[in-house]
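Structural characterization, general
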Amino acid sequence: MTTSAPITIPSRRVPLELAECRDESVESFFASNASSSNVQHAKMICARCEVREECLAYALETPQIYGIWGGLTADERVLLRRSMRR
Ligand code: SF4
């Protein structure tokens, strides 16, 4: 997450330099233990990220099945997708 290339969002492009995680370790966002302190750390970073909404939309639309995107874990995104279908 240290590249400066823009990430592509289905409906718009968001420069990665706006991503709050741009200088964070990948392990924080792709930890294998969902209850780990890494996950909580990543969620705190996402909470203050100005492209959080776009990031979550991208993760739901593509869909991303691993890691934390837009402040949600993979399991939380599954639950969100299910609730959106109802
Ligand atoms: S919402 Fe979280 S994972 Fe997405 S770009 Fe922002 S800090 Fe990174």
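Our subject is the structure listed above.
These remarks concern the structure in this document. (Residues numbered from 1 in each chain as written. Predicted model: local features only at pLDDT ≥ 70, side-chain atom pairs only at ≥ 80, totals over all residues. Heavy atoms only, no water.)

**Some remarks on the overall build of the chain**
Defined as follows: Helix and strand assignments follow DSSP, with helices taken as H or I runs no shorter than four residues and strands as E runs no shorter than two, numbered in order from the N terminus. Each residue's exposure class comes from its accessible area (1.4 Å probe, protein chains only) as a fraction of the maximum for that residue type: buried when under 20%, exposed when over 50%, partly exposed otherwise. Note on contacts: a residue pair is in contact if any heavy atoms of the two residues lie within 4.5 Å. For every accessible area listed, the method is Shrake-Rupley and the probe measures 1.4 Å; residues are considered covered only by the protein chains on display.
A tally of helices and strands in the chain yields four helices and two strands. Listing every helix and strand of the chain by position from the N terminus yields β-β-α-α-α-α. Scored against the burial criterion, the 86 residues of the chain give a buried share of 34%. Excluding contacts between residues fewer than 6 apart, the proportion of contacts in the chain whose partners are at least 24 apart in sequence is 37%. Entry remark: accessible area of the chain is about 5600 Å², with carbon and sulfur atoms responsible for 53%.

**Focus: the environment of Arg 52**
By the element assignment, Arg 52 lies in helix α3 (residues 52-61). Between the C-alpha atom of Arg 52 and that of Glu 20, which follows or precedes it by 32 residues, the distance is 8.9 Å. Contact partners of Arg 52, with chain neighbours within four places excluded, come to Cys 46, Ala 47, Gly 70 and Gly 71.

**Description of the pattern of salt bridges**
It is possible for side chains bearing opposite charge to pair when their charged atoms get close. To keep things clear, this is the line we draw: Salt bridges are counted wherever a side-chain nitrogen of Lys or Arg sits within 4 Å of a carboxyl oxygen of Asp or Glu.
Summed over the entire model, instances satisfying the criterion amount to two salt bridges. Between Arg 48 and Glu 20 there is a salt bridge whose closest N-O contact spans 3.3 Å. Linking Arg 48 in the loop between α2 (37-47) and α3 with Glu 20 in the loop between β2 (12-14) and α1 (26-29), this pair joins segments that are 28 residues apart in sequence. The exposure class assigned to Arg 48 is exposed, which follows from its relative accessible area of 52%.

**So, the site of the ligand**
This is how the line gets drawn: We call a residue near a molecule or strand as soon as one heavy atom of that residue lies within 4 Å of the molecule or strand. Ten residues, namely Ala, Val, Leu, Ile, Met, Phe, Trp, Tyr, Cys and Pro, are considered nonpolar, four, namely Asp, Glu, Lys and Arg, are considered charged, and the remaining ones, Gly among them, are considered polar.
Around the ligand lies a shell formed by Ala 19, Glu 20, Cys 21, Phe 29, Ile 45, Cys 46, Cys 49, Arg 52, Cys 55, Ile 68 and Gly 70. Taken together, the residues that form the shell around the ligand break down as eight nonpolar, one polar and two charged.

**Overview of the packing of aromatic side chains**
Just so we agree on the cut-off: Within 6.5 Å between ring centres, the rings of Phe, Tyr and Trp (the latter by its six-membered ring) count as paired, and their orientation is classed by plane angle as stacked under 30 degrees, edge-to-face over 60, tilted in between.
For the structure on display, the rule yields one aromatic pair. For the ring pair Tyr 58 and Trp 69, a centre distance of 5.5 Å and an interplane angle of 40° mean the geometry is tilted. On the criterion of sequence distance, the pair formed by Tyr 58 in helix α3 and Trp 69 in the loop between α3 and α4 (74-85) is long-range, its members being eleven residues apart. Taking the relative accessible area as the measure of exposure, Trp 69 reaches 17% and is therefore buried.

**Observations regarding the nonpolar core**
Worth spelling out the cut-off: Put simply, a nonpolar core is a bunch of buried Ala, Val, Leu, Ile, Met, Phe, Trp, Tyr and Cys residues held in one set by side-chain atoms that sit within 4.5 Å of each other.
Core analysis: the biggest nonpolar cluster contains eleven residues, these being Leu 16, Ala 19, Cys 21, Phe 29, Val 39, Ala 42, Ile 45, Cys 46, Cys 49, Val 51 and Ile 68. When residues in this core are grouped by element, the largest group, four residues, is from α2.

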